[in-house]
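Breakdown of the fold
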Amino acid sequence: MSLLEIDRLSVGVLSDEVTTDLVHELTLSLDSGQTLCVVGESGSGKTVTVLSIIRLLEFVAPVRTTGAVRLDDVDLTSLNATQMRSFRGRRIGMVFQEALDSLNPAQRIGVQLGEAYWSADAASRRGDLRAQGQARALELLGEVGFSDPERVANLYPHQLSGGMQQRVMIAMALMSSPDLLLADEPTTALDVTTQAEILRLFRTVQQEHQMACVFITHDMGVAAEIADRIAVMYAGRLVEVGPAAEVLSSPRHRYTRALVECVPQVGR
Ligand SMILES: Nc1ncnc2c1ncn2[C@@H]1O[C@H](COP(=O)(O)OP(=O)(O)OP(=O)(O)O)[C@@H](O)[C@H]1O
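Residues numbered from 1 in each chain as written. Predicted model: local features only at pLDDT ≥ 70, side-chain atom pairs only at ≥ 80, totals over all residues.

Where an unreviewed UniProt entry is consulted, the protein appears under the name ABC transporter ATP-binding protein, with the organism given as Streptosporangium algeriense. Recorded in UniProt for the protein, the comment headed Sequence similarities (unreviewed entry) runs: "Belongs to the ABC transporter superfamily." The protein has a UniProt comment under Subcellular location (unreviewed entry) that states "Cell membrane". (UniProt positions renumbered as here; feature names shortened; annotations may be inferred.)

Quick look at the confidence of the model for the protein now. Confidence in the prediction of the protein, expressed as mean pLDDT, is 90, and 95% of residues score 70 or more. Per the prediction output, this complex has pTM 0.91; the corresponding ipTM is 0.92. (pLDDT = per-residue confidence, 0-100.)

For any two helices packed against each other, the geometry is given by the interaxial angle and the distance between the axes. Taken N-terminus to C-terminus, the directions of helix α8 (residues 162–174) and helix α9 (residues 192–208) make an angle of 15 degrees; their axes are 10 Å apart at the nearest point. Taken together, α8 and α9 sit at an angle that is classed as roughly parallel. As for how α8 packs across α9, the hand of that crossing is right-handed. Contacts between α8 and α9 pair G162, G163, Q166, R167, I170 and L174 from the former with T194, E197, I198, L201 and V205 from the latter. Partitioning the contact of α8 with α9 into residue classes produces five nonpolar, four polar and two charged. (Axes fitted to C-alpha atoms, helices over the stretch in contact; angles between N-to-C directions. Helix = DSSP H or I, 4+ residues; strand = E, 2+ residues; numbered from the N terminus. Parallel < 35°, antiparallel > 145°, perpendicular 65-115°, else oblique. Left-handed = near helix turned anticlockwise from the far one by under 90°. Contact = placed C-beta atoms within 7 Å. Nonpolar A, V, L, I, M, F, W, Y, C, P; charged D, E, K, R; others polar.)

Core analysis: the biggest nonpolar cluster contains 76 residues, and L113, I170, A171 and L182 have the highest contact counts within it. Counting residues per element, this core draws most heavily on α8, at seven residues. Look past the residues within four positions of A171 in its chain and what remains in contact with it is L113, L140, L141 and V144. (Core = buried A, V, L, I, M, F, W, Y, C linked by C-beta atoms within 7 Å. Buried ≥ 20, exposed ≤ 12 C-beta atoms within 10 Å, placed from the backbone.)

Turning to the sheet that holds strand β5 (residues 74–75), a few remarks are in order. The strand order β2-β1-β4-β5 describes an open sheet built from four strands, whose pairing is antiparallel. Two strands lie at the open edges of the sheet, namely β2 (18–30) and β5, each paired on one side alone. Note: strand β1 (residues 4–15) against strand β4 (residues 63–71), eight bridges, orientation antiparallel. When the bridges of β4 are listed, L4 appears paired with L71. On the sheet, helix α1 (residues 46–53) packs against β1, β2 and β4 and is oriented at approximately 75 degrees with respect to β2. (Pairing = 2+ DSSP bridges.)

Below you can see the structure in the form of structure tokens.
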């Protein structure tokens, strides 16, 4: 059994009693320790899919969802709000495109990381949560590449570059040792060099922590860097999925071929 199983997931938004379908009958699976890149052009439904896995879309719009999203055999679509909250952050970590949107501008980095630790699963933890959270924050800031974690923990988000902010977001996602990491275009806003560094970091932490990762990108070149498997979406539907090397070297769908051809060095 895979860690994550998305089974005929369809998502529609309701407006004036009319449902607009955004994702149609999507079926995907992902094993522990693997990275699945979901690739597709703007508007193809990648973000809707990832927000539906973690059930955040329902906070943005009235949605109608059918099908199942199982994490370790628990159907997340059937959980109530309290149960779902305990999965978010604790079992499922998230990194989004704009780190600054996810960070509190008025709080020091170390405090925010600490909160991610104790708020995730406070009820089941023992001892001095604050001290444990701070220790783990420093450990993870080191792991994501900061040579001076104490100094960074004392900074505010605006004092960091975009790449550093995204490193902090990765550390924050790791605070509660999730099984699944969801990343929505986490490198798109970064310059090319920083993008390459952050992609390498994703690969490293994902392997060290043996997490599964769903990584959304519109860029097949990014998928070529980090994916074990690639899923291609077009107009809300899955058009192709398979091992990364196979999808890149012999794409079956003409839309996948077009995406691969956009990246000169891929598949040739
Ligand atoms: N809350 C919403 N209400 C109505 N329509 C929405 C909502 N969120 C997304 N959509 C629509 O759903 C479709 C898929 O959007 P989605 O953001 O998932 O695309 P995407 O592949 O992630 O694109 P991008 O790379 O630009 O983020 C788009 O047509 C979008 O306009």
